[in-house]
Amino acid sequence: MFLPAGSKDEMGISLNNRFHVMEKFRKVTTLRGYKPISTPVIEYASTFTNEFIDMKLQDMMKWFNGEGEIEVLRPDWTTAIARALSNLEKKPQKWAYQGSIFKRNMPGVEYHQIGVEIIHHPELMGESECLLMAQAFLKEIGVGTCVIELGHTEIYESLVAEMQLSKADAERLRLAMHDKKKDEVYQIAIARSNKEKAEELASLVDAFGPIEIIAEYEEKWKERENVLGTLRHIKKLAEILKQSGSGEILVDLGRVKNLPYYSGLMFRGFLQNSGAVCFSGGRYDRLYEQFGESISAVGVALDVEVLAAQVKESDTLEKVCIIANEESLAFAEEVRKSFENCIVDVQSEAENANDYNKVYEIKKLNGKFEVIER
Ligand SMILES: N[C@@H](Cc1c[nH]c[nH+]1)C(=O)O
């Protein structure tokens, strides 16, 4: 029997590691005051494709239901949770979730995420909480500090806003900027504005580096009051992270949004050893405008596959094998209770004796069961 492309079975160590990551996440988030939330795996496509969200239908796993409406497998937690929360009381809330998202445009199709969404919290508080939670969690699973990158939608968008781009050109420019293709950014920009503007936009491609480069850009953009405010905000957040023992902090001032609903601060975490992205998130206040609300919303999702691959299998529990037969099964179940905090495996034969720290056999001597160490 075969599976569709992208689907896969999982077993043994990799599944154990995934569960380990998810259990620790539940512990860390519970202790930080998050409540759990879950949404159905099947939703209407329009929840994700409406004008406020604008995710691409072609990237989703989808079908028509009996009424002719398009249904999808959950492509994104953040949007699904916003839908679920839209009718709830408007007070500060912190939600934690774990489960799959599905993306047709990615080789794995099904991805496991753990994440949090924080709404109705003061901006800096919600943003720093996302990152401090992520840091505390990475520590808890033994990954340690990661490299944090901070970016902001408004720097690029305030430059582009004056350019009167068509939707298609805006998307081409965003992609070129995202891929850091400086020449292409310049070419698209020069066709729609003047040389000075095109050069400014192209130079934004290089506006990344350690947090200290912000000083250079404060000087460069000293006339642009709104951008200066954004830089001050990023610096404040970086300061909180540093004081809380974060590792390296980078900025990408030319970063464009990777999800259409971001508005404001965006962040990512990179593993120290491989550079893999282990978390990604940001502010998405505008997503709630579809419900006629103006609120503060920020969240982060962590990639369970990436993190599970970092977990070192630490079998701290002693493994015991009890060999029993049909007659001694009930007795073996009693014996099991005498081994506290051990993995106790009742078998008919110790096939792989080396897998166990201790092997016991239940024998019947003079009509009585005895436990004999092998
Ligand atoms: N849903 C985003 C992460 C996120 C959570 N909250 C805000 N952003 C993602 O899948 O990358």
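Scoring rules and cut-offs
- Residues numbered from 1 in each chain as written.
- Predicted model: local features only at pLDDT ≥ 70, side-chain atom pairs only at ≥ 80, totals over all residues.
- Heavy atoms only, no water.
- Pairing = 2+ DSSP bridges.
- Helix = DSSP H or I, 4+ residues; strand = E, 2+ residues; numbered from the N terminus.
- Right-handed = clockwise from strand over helix to strand, strands pointing away.
- Salt bridge = Lys/Arg side-chain N within 4 Å of Asp/Glu carboxyl O.
- Buried < 20%, exposed > 50% of the residue type's maximum accessible area, 1.4 Å probe, protein only.
- 1 Å grid on protein atoms, 1.4 Å probe; cavity = no way out; pocket = protein on both sides within 12 Å on 5 of 7 lines; lining within 4 Å.
- Points joined across faces, edges and corners; volume = space filled by probe spheres on them.
- Nonpolar A, V, L, I, M, F, W, Y, C, P; charged D, E, K, R; others polar.
- Axes fitted to C-alpha atoms, helices over the stretch in contact; angles between N-to-C directions.
- Near = heavy atom within 4 Å.
- Polar contact = N/O pair within 3.5 Å; in protein donor to acceptor, adjacent residues only side chain to side chain.
- Areas by Shrake-Rupley, 256 points an atom, 1.4 Å probe, with all protein chains shown as cover.
- Patch = residues over 30% accessible without salt bridge, like charges linked within 9 Å, V, L, I, M, F, W, Y side chains within 5 Å.

Student: Give a detailed account of the pairing of strand 14 (residues 342–347), specifying residues and quantitative values.
Tutor: Bridging between strand 13 (residues 318–323) and strand 14 involves six bridges; their strand directions are parallel. Its bridge partner being in strand 14, K319 is matched across the sheet by I343. Following the backbone out of strand 13, through helix 12 (residues 329–336) and into the adjacent parallel strand 14, one traces a crossover that is right-handed.

Student: Tell me what's going on with the pattern of salt bridges, and back it up with residues and numbers.
Tutor: For the structure on display, the rule yields 32 salt bridges. Close ionic contact of E129 with R32 constitutes a salt bridge, the shortest N to O distance being 3.0 Å. Of the two residues, E129 sits in helix 4 (residues 123–140) while R32 sits in the loop between helix 1 (13–31) and strand 1 (35–36), which places them 97 residues apart along the sequence. Looking at R32, the relative accessible area reads 27%, which means it is partly exposed. The residue K56 makes a salt bridge to E171 at a minimum N-O spacing of 3.8 Å. In this pair, K56 is assigned in the loop between helix 2 (46–49) and strand 3 (62–64) and E171 in helix 6 (residues 167–178), connecting sequence segments 115 residues apart. Residue class for K56 comes out partly exposed when judged on its relative accessible area of 40%. Take E171: its relative accessible area is 28%, and that puts it in the partly exposed class. Here the salt bridges do not stand alone but share partners, grouping K24, K27 and E140 into one network.

Student: Talk me through unusual backbone geometry; I want residue IDs and the actual numbers.
Tutor: Positioned with a positive phi, Q164 is a non-glycine residue whose angle comes to about 55°. With respect to the helices and strands, the residue Q164 is situated in the loop between helix 5 (153–161) and helix 6.

Student: So what about empty space enclosed by the protein? Which residues, and what values?
Tutor: Counted according to the given criterion, the structure contains one cavity of 30 Å³ or more. The computed volume of the largest cavity comes to approximately 40 Å³. In terms of lining, the largest cavity is formed by L85, S86, L88, E89, K90, Q93, I119, H120, Y288 and E293. Residue classes in the lining of the largest cavity are distributed as four nonpolar, three polar and three charged.

Student: Give me the sheet that holds strand 3: which residues, what numbers.
Tutor: Spatially, three strands are ordered 2-4-3 in an open sheet, and the strand pairing comes out antiparallel. A strand with exactly one partner marks an edge of an open sheet, and here the two such strands are strand 2 (42–44) and strand 3. Averaged over all adjacent pairs, the angle separating strand axes in this sheet is 35°, with direction ignored.

Student: Describe the environment of K312, naming the residues involved and giving the relevant values.
Tutor: Within the element layout of this structure, K312 appears in the loop between helix 11 (304–308) and strand 13. Judged by relative accessible area, which is 67%, K312 ranks as exposed.

Student: Before we move on, could you go through the site of the ligand and cite the residues and values that matter?
Tutor: Close to the ligand lie 15 residues, the nearest being D76, T78, E117, Y261 and Y262. Within the contact set of the ligand, an oxygen atom lies 3.1 Å away from a side-chain nitrogen or oxygen of Q113. Bound to the protein, the ligand loses 94% of the 300 Å² it would expose on its own. When residues of the shell around the ligand are traced back to their parent elements, those giving at least two are strand 6 (110–119), strand 11 (277–283) and strand 12 (297–303). Broken down by class, the residue content of the shell around the ligand amounts to seven nonpolar, six polar and two charged.

Student: I'd love a proper account of a nonpolar patch on the surface, names of residues and values included.
Tutor: Judged by side-chain polarity, V41, I42 and W63 come together as a nonpolar surface patch covering roughly 230 Å² of accessible area. Relative to the elements of secondary structure, W63 occurs in strand 3. Accessibility expressed as a relative area gives 32% for W63, which makes it partly exposed.

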